[in-house]
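Structural overview
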Amino acid sequence: MEKGPSFLFAGVSFDKKKFATDLARFKENKESENLADDFSFVEGEKTDPEKAMVSFVKKRKRKSIAGETVEGFNVFKSSKQLAPAVDKEKEKVEDGPSKAKKELNKQIERDAVFRKKYNIHVSGANVPSPLRTFAELSSRFGCESYLLRNLAEHGYKEPTPIQRQAIPVLLSDRECFACAPTGSGKTLAFLCPMLMKLRCASKDGIRAVILCPTRELATQTTRECKKLAKGNKFQIKLMKKELVRSTDLSKFSCDILISTPLRLRLAIRRKKIDLSRVEYLVLDEADKLFEVGNLLKHIDPVVKACSNPSIVRSLFSATLPDFVEELARSIMHDAVRVIVGRKNTASESIKQKLVFAGSEEGKLLALRQSFAESLNPPVLIFVQSKDRAKELYGELAFDDIRAGVIHSDLSQTQRENAVDDFRAGKTWVLIATDVIARGMDFKGVNCVINYDFPDSGAAYIHRIGRTGRAGRSGEAITLYTEDDIPFLRNIANLMKASGCEHPHELGNMSMSRNYVNILKHKAMGCYEFISICFTVTSCGKLLQITGVPYRSKSAAASTAL
Ligand SMILES: Nc1ncnc2c1ncn2[C@@H]1O[C@H](COP(=O)(O)OP(=O)(O)OP(=O)(O)O)[C@@H](O)[C@H]1O
């Protein structure tokens, strides 16, 4: 028997009921210590998710098992089915030391050490042992050879931390809530167990559904799923307009259906698509799907339509705000929570920089200057709106840069072409709104530039997560102006949490402005600055400021402090 993390971390078992108050207190402390956990959503787009979510949660709560409460670390409810197994183990323990008990404890210890090594944190009852190798898929779970072959063909030698834990959880028919950094292989973590559980193709209705927040991500996931399923006859379908138009969806069947929430909701409403046989439901980028006023209203009918009582649901994302956890608790039971690294932090393989650009004009000059000096494609540039995307694209069109643009005003074909051209290296720079900020896996993006300041901590993490994927390194540059200064601390904290050097003086911008003045006097005379770079030591001491001068062709000047 495996136990929750309270056991794993302490190395001893204790009565959770008896010490419930202490546990709850400890849990509170633990959460407040997690600096990045409390990133707030910046003013303007700030909503009260909990409040707006109430009706949804209430609805789901009525369906959940009455009277179950969250206890200590055991975030999710334990299923009734599991109770006898737990009791049996307890009886065994009470029988006194036995060989089986000793062996079990050893296994628990080994798992704890292994999880610690890979920075995996779990909560929930009886969490299955993590995967040591992909070969275990076959020895422990009877994985078919086609899948192992496909994994090898992809060059996947060993599972990533999220795959090590989420795959055995899902293969044990447990619901799962998983949070792991961008680019850490979450897609395979849900696709692999899904293919294994479905075993072979069948015409028995729609058997699995994957929901993605954007069409681009749904398309990418479909492609990945087909690659992984090669050699098996699974019917894997992307819910496209054409499919909706040309098919009688009331009789539609496929093994895996991948869709955005809106398309699926319309199919339920207008075309009477039947989701009552769905055995596996994945909500990818779950926090985005549950975003109030956006996709949430489409999610509820889909979750409801997936009415199979033995359905296994899972939620995946690189960011996990508390309100999504709350929601997960209300709709899932017997779930295992898997967190890799620290919750809500950017990937550690990304070198992050904040650059003061002064004004809007300054941003464009800084961008042009950096392209002139060191354009290292592929580069992704994020802006705040489709109008801003069109505007910047118009500006760069006159430069000798192979740029593309993607935003929601484009047709589906234009959007697909923009993504394909960037993937194929036909365009070096892709200007994008947040439509491709999540989940998109472009191989080898060297640099992400936040031309417009991201409007939340989560947006920042996902945007910059388009680089530094699958263990590669990457760079992220965030330009900011005077107007963005109130929101800098949020981003600076995220940088710090992911191990990046950042000027801790950023918290006090009056100080930074003083540095700018010093630099003006010391190095640049009367020039107005458009871009300031801070160089800091690992202990946070500001060493150097580099400024790119406005109306000057001279090289960047810097001053040591
Ligand atoms: N076991 C593995 N070994 C090596 N590479 C892997 C492995 N699993 C996945 N990858 C690769 O890692 C990259 C990122 O994977 P994926 O897109 O699933 O990340 P993600 O965690 O879903 O990121 P995001 O949060 O941005 O959606 C992909 O290119 C994928 O092919």
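Residues numbered from 1 in each chain as written. Predicted model: local features only at pLDDT ≥ 70, side-chain atom pairs only at ≥ 80, totals over all residues. Heavy atoms only, no water.

Description of the domain arrangement of the protein
Parsing the protein into structural domains produces domain 1 (74–340) and domain 2 (346–559). When domain 1 packs against domain 2, the two sides together hide about 1500 Å² of surface, and 47% of this comes from carbon and sulfur. At the surface where domain 1 touches domain 2, the tally comes to 4 salt bridges. A salt bridge links Glu-216 to Arg-415, with the shortest nitrogen-to-oxygen separation between them at 2.6 Å. (Domains from an automatic or database assignment. Buried area = accessible area lost by both parts, 1.4 Å probe. Salt bridge = Lys/Arg side-chain N within 4 Å of Asp/Glu carboxyl O.)

Observations concerning the nonpolar core
Ranked by size, the top nonpolar core spans 63 residues in total, and within it Leu-137, Ile-210, Ile-256, Ile-258, Leu-380 and Ile-436 carry the most contacts. No other element matches the 9 residues that helix α9 (residues 186–198) contributes to this core. Looking at this core, you find at least three residues from each of domain 1 (74–340) and domain 2 (346–559). Every residue in contact with Ile-436, bar those within four places of it in the chain, is listed here: Glu-216, Leu-380, Phe-382, Ile-406, Leu-430, Phe-442 and Arg-466. (Core = buried A, V, L, I, M, F, W, Y, C linked by side-chain atoms within 4.5 Å. Buried < 20%, exposed > 50% of the residue type's maximum accessible area, 1.4 Å probe, protein only. Helix = DSSP H or I, 4+ residues; strand = E, 2+ residues; numbered from the N terminus. Contact = heavy atoms within 4.5 Å.)

Quick word on the pattern of salt bridges
Tallied over the full model, the rule gives 39 salt bridges. For Arg-438, the salt bridge identified is with Asp-287, shortest N-O distance 3.0 Å. Within this pair, whereas Arg-438 is found in the loop between β12 (429–432) and β13 (447–450), its partner Asp-287 is found in helix α13 (residues 286–289), the two being separated by 151 residues in sequence. Each of the two residues, Arg-438 as well as Asp-287, counts as buried. A network of salt bridges, in which partner residues are shared, links Asp-322, Glu-325, Glu-326, Arg-329, Arg-337 and Lys-343.

Observations concerning the site of the ligand
Looking at the ligand, there are 21 residues lining it, with Tyr-156, Lys-186, Thr-187, Asp-441 and Arg-469 nearest. The side chain of Tyr-156 places a nitrogen or oxygen atom 2.6 Å from an oxygen atom of the ligand. In the environment of the ligand, an oxygen atom lies 2.8 Å from a nitrogen or oxygen atom belonging to the backbone of Gly-183. Protein contact buries 88% of the 640 Å² of open area that the ligand shows by itself. Sort the elements by how many residues they give to the shell around the ligand and α9 lands first, with 3 residues. The residue makeup of the shell around the ligand, split by class, is 6 nonpolar, 8 polar and 7 charged. Counting residues domain by domain, the shell around the ligand receives three or more from each of domain 1 (74–340) and domain 2 (346–559). (Near = heavy atom within 4 Å. Polar contact = N/O pair within 3.5 Å; in protein donor to acceptor, adjacent residues only side chain to side chain. Areas by Shrake-Rupley, 256 points an atom, 1.4 Å probe, with all protein chains shown as cover. Nonpolar A, V, L, I, M, F, W, Y, C, P; charged D, E, K, R; others polar.)

Brief notes about the packing of aromatic side chains
Following the criterion strictly, the structure yields 4 aromatic pairs and no others. When the ring of Phe-114 is compared with that of Tyr-118, the centres are 4.8 Å apart and the planes differ by 50°; the resulting orientation is tilted. On the basis of relative accessible area, Phe-114 is assigned to the buried category, the value being 12%. Residue classification places Tyr-118 among the partly exposed positions, given a relative accessible area of 21%. The ring centre of Phe-114 lies 4.3 Å from the NZ or CZ of Arg-132, which sits over that ring. Sitting over the ring of Tyr-451, Lys-363 keeps its end group 5.4 Å from the ring centre. (Phe/Tyr/Trp six-rings, centres within 6.5 Å; stacked < 30°, edge-to-face > 60°. Lys NZ or Arg CZ within 6 Å of the ring centre and 35° of its normal.)

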